[in-house]
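# Understanding the architecture of this molecule
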Amino acid sequence: MKIGFKTRIVGYSNLLFLALLFVFASISFYVIQDYMKTGVIKEEADKVQKIRIVINDWMNLRTNAANLLAQQMASMNDRNTMIQILKSVENSVGANQVYIGMQEGPQIYATGVVTDVTDTYDHRQRPWYIDGIKSEKAVVTDPFIGAKTKKLTMVIAAPVKADNVKKGVVGISMFMDKIIDDVLRESHDEGRYSFVLDEAGKVIIHPDEKIVNQSIKVLSNSFQNAYSSVIGHKGV
């Protein structure tokens, strides 16, 4: 059967159209794929930024309170007045405990309890005191599980200085339930969760408290690879 010139042109045109359509579809697929990938990265970066703001706001409120409390305590000698100020700070920041440990004296709590140094307890040997007395401003201890409360806790400690001499350390003890809830709420999505690391790659906030204080580098290769990828991504 002899195919006419016009029929051949139409046939070639159709083939060319289909070929171009295939190329366009292929290009569109990769463009859309790249666009979606960029969109996902931006979405996750936005979540990270929100979480960063939540954590910074939470921490700044309490570190500022610790520094201010340390300044107030520097000129205080009346124990009742000290207890009133400690109690006021405890209420304002939602702490589970606020206290001051003296270099030459007892540990005084916002509740009014006073604990003297004994052979079995010396507040000056506690991590919060050691960290605070070595610092020039408020510092945050590593999270720990409270012996009595069994809750994840951290202490914000600040040195008390009078005439450039450190005379003690104030401590604001915080349960981390609130900050963890806020972080998880910002990152909640089916099948996904967020966790927070410090600069050394140590887990400080995680839905599973057993993982807290462990290094991300020893948990699994996939975690380590993800951590390396994140810290190397300047856009996040």
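The model shown is predicted, which means the values in this text are computed figures rather than measured ones. (Residues numbered from 1 in each chain as written. Predicted model: local features only at pLDDT ≥ 70, side-chain atom pairs only at ≥ 80, totals over all residues. Heavy atoms only, no water.)

### Quick notes on the environment of Asn213
Worth spelling out the cut-off: Strands here mean DSSP runs of E at least two residues long; helices mean DSSP runs of H or I at least four residues long; both are numbered from the N terminus. Classification of residues uses two cut-offs on accessible area relative to the type maximum, computed with a 1.4 Å probe and protein chains only: under 20% is buried, over 50% is exposed, and between them is partly exposed. It only takes one pair of heavy atoms within 4.5 Å for two residues to be counted as in contact.
Here Asn213 is to be found in the loop between strand S9 (203–205) and helix H5 (216–219). Given the relative accessible area of 31%, Asn213 is considered partly exposed. Those residues in contact with Asn213 that lie beyond four places of it in its chain are Asp142, Pro143, Phe144, Lys202 and Val203.

### A short note on the side chain of His123
Convention followed: Definition of a polar contact: a pair of N or O atoms within 3.5 Å, with one able to donate and the other able to accept a hydrogen when the atoms are protein atoms, and with sequence-neighbouring residues admitted only if both atoms are side-chain atoms.
Within the element layout of this structure, His123 appears in the loop between strand S3 (114–115) and helix H3 (127–134). Using a relative accessible area of 0% as the deciding quantity, one classes His123 as buried. A distance of 2.8 Å separates the side chain of His123 from the backbone oxygen of Met102, its partner in a polar contact. Among all residues touching His123, those that are not within four sequence positions of it are Gly101, Met102, Gly105, Pro106, Gln107, Val117, Trp128 and Tyr129.

### Focus on the layout of surface pockets
Where we set the bar: A pocket here means an open set of points on a 1 Å grid, computed over the protein atoms alone, that has protein on both sides within 12 Å along at least five of seven lines. A cavity is instead a set of points where a 1.4 Å probe fits but cannot get out; residues with an atom within 4 Å of a point line either one. Grid points are joined across faces, edges and corners, and a volume is the space filled by probe spheres set on the points. Residues are grouped as follows: Ala, Val, Leu, Ile, Met, Phe, Trp, Tyr, Cys and Pro are nonpolar; Asp, Glu, Lys and Arg are charged; all remaining types, including Gly, are polar.
Approximately 630 Å³ is the volume found for the second largest pocket. Lining the second largest pocket are 21 residues, with Gln97, Tyr99, Arg126, Phe144 and Ala147 positioned closest to its centre. Counting only elements with at least two residues in the lining of the second largest pocket, the list comes to strand S1 (97–102), strand S2 (107–109), H3, strand S6 (152–162) and strand S7 (165–175). Element by element, the count of residues in the lining of the second largest pocket is highest for H3, at 3 residues. Residues of the lining of the second largest pocket, tallied by class, amount to 9 nonpolar, 8 polar and 4 charged.

### A look at the nonpolar core
Nonpolar side chains in soluble globular proteins tend to end up buried together. The condition is simple: In this description, a nonpolar core means a group of buried Ala, Val, Leu, Ile, Met, Phe, Trp, Tyr and Cys residues linked to one another through side-chain atoms lying within 4.5 Å.
Formed by 38 residues in total, the largest nonpolar core has its most connected members in Met73, Ile100 and Ile172. When residues in this core are grouped by element, the largest group, 11 residues, is from helix H1 (residues 5–74). The residues contacting Ile172, other than those within four sequence positions of it, are Arg62, Ala65, Ala66, Val89, Val93, Ala95, Gln97, Val98, Met154, Val155 and Ile156. Listed in part, the 7 residues of the second largest apolar core include Tyr109, Trp128, Tyr129 and Ala157.

### Notes on the pairing of S6
The cut-off we apply is this: Paired strands, as defined in this entry, are two strands with at least two bridges between them according to DSSP.
By the criterion of burial, S6 is predominantly enclosed, with 9 of the 11 residues buried. The pairing of strand S5 (residues 144–145) with S6 spans 2 bridges and is antiparallel. Residue pairing for S6: Ile145 is matched across the bridge by Leu152. Between the end of S5 and the start of S6, which pair antiparallel, lie 6 residues, with Lys150 showing a positive phi angle near 60°. Of the strand pairs in this sheet, S6 and S7 are connected by 10 bridges, and their pairing is antiparallel. By the bridge assignment for S7, Ile156 is matched with Ile172. If you look at the hairpin formed by S6 and S7, you'll find 2 residues sitting between the two strands, and Asp163 has a positive phi there, around 55°.

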